[in-house]
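Listed here are the chains, written in short residue letters.
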Amino acid sequence: MTDSRILIHIGYPKAASTWLQQVIFKDENSGFYAPWGLPSYEALDSFINISPYHFSADSVRQTFNLGLKNAAEKQLVPVISEEFLTGDQTRGKYWGKEVAERLHAVFPEGRVLILIREQKSIILSAYRQYIRRGGFVSLERFLGISTQNKTGIGPVCRLDYFEYDRPIEHYQTLFGSENVLVLPTEFLKKNAKDAIEKILSFSGSQGNPDYQKVAQNVGIKGGTLAFRQKLNNFCAPPEQQESVQGFIWLLGYKMSGTIEKFLPQKYHDRAEENFKNIIAQIAGDSFIQSNQRTSQLIGMNLKDFGYSC
C-alpha cells in the first residue's frame, strides 16, 4: 500500500527541479499527486512570503489538509515541489533555515528530498538565469568580489549558500536522517532509472514512471550570456511591455536570439570558458571541506561526480 506521508522537494534552484516535476511528479502513474501545483506556488505563500509574526503552523496545515485528504483517497503520495524553499541565489534571498523550521512545524511527519549540484556548475547556471531575468552586474560582482570591502553590501550569489552540509544536517536534525534523501543531479544524469527508483523507494510510492521522458531547461550559450549582460545595462525589463522601454527590451531580446544562432560556436566556447575560469578562481577551495562532510552525511562520495573533495 502507498505510504501517504507527504514528500517535500525543496530545491536547490537550478538543480533539475523541472526534470523532477515534469518527469515524475506530474505523472500520477509515478505514484505522486501534486494538488498544490508544479511548482507548488502555495508553498511560497505558506512558508516564504508570510511574515514570521503571522506564521501559524496550525493555519498552514489547514491550507494543505484538503490536498492531503485527496492524495490519500487516490492512494498517491502527496508532493510539494518548490525549489525556492532553500532560497534563491539569483535574487540574493536566503531564507532556507527559517523555512526548514516552518516546514517541520507544519509537516513533522514529512519526508524531504534535496537535489544538489556541483557548485561551479550551479553558480554559472544561476548567473545565466540572473541575466535572463534582466540582471546586469558582472559575474565578479554577482559573486561579491567588487563589494567585499564595502560595509553593508553583500553579493547577490553567496558562496556559503552552496555549503550543502549545513542545510542537510539541519534537515536531518529536524526530520530524522532516515527522512531526508539527498541526490546529486549528476547522479540523475548518469543513471536516471536508479535515481527515480531511489526517490520512489524513499517516498513510499508504488508508481510505475516512464523512464524515457526527458525534461530540459537549457540555458543560453556563453557568447549570448556575455552580450545580454552588457545589453541589460541599457535596457532593463519593463513593468509594461507596451512602453517604449518594453520595445527596447524586446528588440534587445531578439538581437540576443540572433547572436545565439549565428555567432560561431568557438566564440560561445571562449566566453563560456572565461565564465568558468572566473568562478573557479573566486571559489578556489571553498567547498572542499563541505563536500567531504556532505559525502558522509548522504552516504555518497561526491568526488565520483566531479565535486571538489
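For the structure, check the block above.
Residues numbered from 1 in each chain as written. Predicted model: local features only at pLDDT ≥ 70, side-chain atom pairs only at ≥ 80, totals over all residues. Heavy atoms only, no water.

S.K.: Would you explain the overall build of the protein chain in this entry?
M.R.: The secondary structure content of the protein chain amounts to 13 helices and five strands. Across the 309 residues that make up the protein chain, the buried fraction comes to 49%. In the protein chain, 77% of the contacts between residues at least 6 apart in sequence involve partners at least 24 apart. Carbon and sulfur atoms make up 49% of the accessible area of the protein chain, which totals about 15,500 Å². (Helix = DSSP H or I, 4+ residues; strand = E, 2+ residues; numbered from the N terminus. Buried < 20%, exposed > 50% of the residue type's maximum accessible area, 1.4 Å probe, protein only. Contact = heavy atoms within 4.5 Å. Areas by Shrake-Rupley, 256 points an atom, 1.4 Å probe, with all protein chains shown as cover.)

S.K.: Explanation requested: the packing of helix H4 (residues 96-106) against helix H7 (residues 165-175) in the structure shown.
M.R.: Two packed helices can be described by the angle between their axes and the distance between those axes. Remark: H4 packs on H7, axes separated minimally by 10 Å, with the N-to-C direction vectors making an angle of 20 degrees. Looking at the two axes, H4 sits roughly parallel to H7. Here the hand of the crossing between H4 and H7 comes out right-handed. Contacts between H4 and H7 involve Gly-96, Lys-97, Val-99, Ala-100, Glu-101, Leu-103 and His-104 from the first element and His-170, Tyr-171, Leu-174 and Phe-175 from the second. Of the residues contributing to the contact of H4 with H7, the split by class is six nonpolar, three polar and two charged. (Axes fitted to C-alpha atoms, helices over the stretch in contact; angles between N-to-C directions. Parallel < 35°, antiparallel > 145°, perpendicular 65-115°, else oblique. Left-handed = near helix turned anticlockwise from the far one by under 90°. Nonpolar A, V, L, I, M, F, W, Y, C, P; charged D, E, K, R; others polar.)

S.K.: Would you mind going over helix H10 (residues 222-231) with me for this structure?
M.R.: Note: α-helices contain 3.6 residues per turn, so residues at a spacing of three or four share the same orientation. Within H10, seven of the 10 residues are buried, leaving the element largely enclosed by the surrounding structure. Residues of H10 that are buried include every one of Gly-222, Gly-223, Thr-224, Leu-225, Arg-228, Gln-229 and Leu-231, and no others.

S.K.: Any chance you could explain the packing of aromatic side chains here in plain terms?
M.R.: By convention here, two paired aromatic rings are described through the distance between centres and the angle between planes. Here the structure, examined in full by the defined rule, presents 15 aromatic pairs. For the ring pair Tyr-171 and Phe-175, a centre distance of 6.0 Å and an interplane angle of 15 degrees mean the geometry is stacked. Placement of both Tyr-171 and Phe-175 in helix H7 is noted, with a separation of four residues, approximately one turn of the helix. Considered together, Tyr-171 and Phe-175 belong to a single accessibility category, that of buried residues. With centroids separated by 6.1 Å and ring planes inclined at 80 degrees, the aromatic side chains of Phe-187 and Phe-305 adopt a geometry described as edge-to-face. Taken as a pair, Phe-187 in helix H8 (residues 185-190) and Phe-305 in the segment after helix H13 (288-298) lie far apart in primary sequence, 118 residues in all. Taken as a pair, Phe-187 and Phe-305 share a single burial class, namely buried. An aromatic cluster is built from Tyr-12, Tyr-94, Tyr-161, Phe-162 and Tyr-164, whose rings are joined through pairwise contacts. Positioned over the ring face of Tyr-94 is Arg-158, at 4.6 Å from the centre of the ring. (Phe/Tyr/Trp six-rings, centres within 6.5 Å; stacked < 30°, edge-to-face > 60°. Lys NZ or Arg CZ within 6 Å of the ring centre and 35° of its normal.)

S.K.: Please clarify how the sheet that holds strand E5 (residues 180-184) should be interpreted in this entry.
M.R.: The strands making up a sheet associate through backbone hydrogen bonding, with each pair oriented either parallel or antiparallel. Spatially, E2-E3-E1-E4-E5 is the arrangement adopted by the five strands of the open sheet, whose pairing is parallel. Two strands close off the open sheet at either side, each with one partner strand: strand E2 (32-33) and E5. Judged from the five bridges that link them, strand E4 (residues 111-116) and E5 form a sheet pairing that is parallel. The partner of Val-112 across the bridge, within E5, is Val-180. (Pairing = 2+ DSSP bridges.)

S.K.: Just checking my understanding: could you explain H4 for this structure?
M.R.: When H4 is considered as a whole, its buried residues turn out to be Gly-96, Val-99, Ala-100, Arg-102, Leu-103 and Val-106. The arc that holds the buried residues of H4, viewed along the axis, is 165 degrees, so those residues lie on one side. Lining the buried residues of H4 we find strand E1 (7-9), helix H2 (41-49), helix H3 (57-74) and H7. (Arc of directions from axis to C-beta.)

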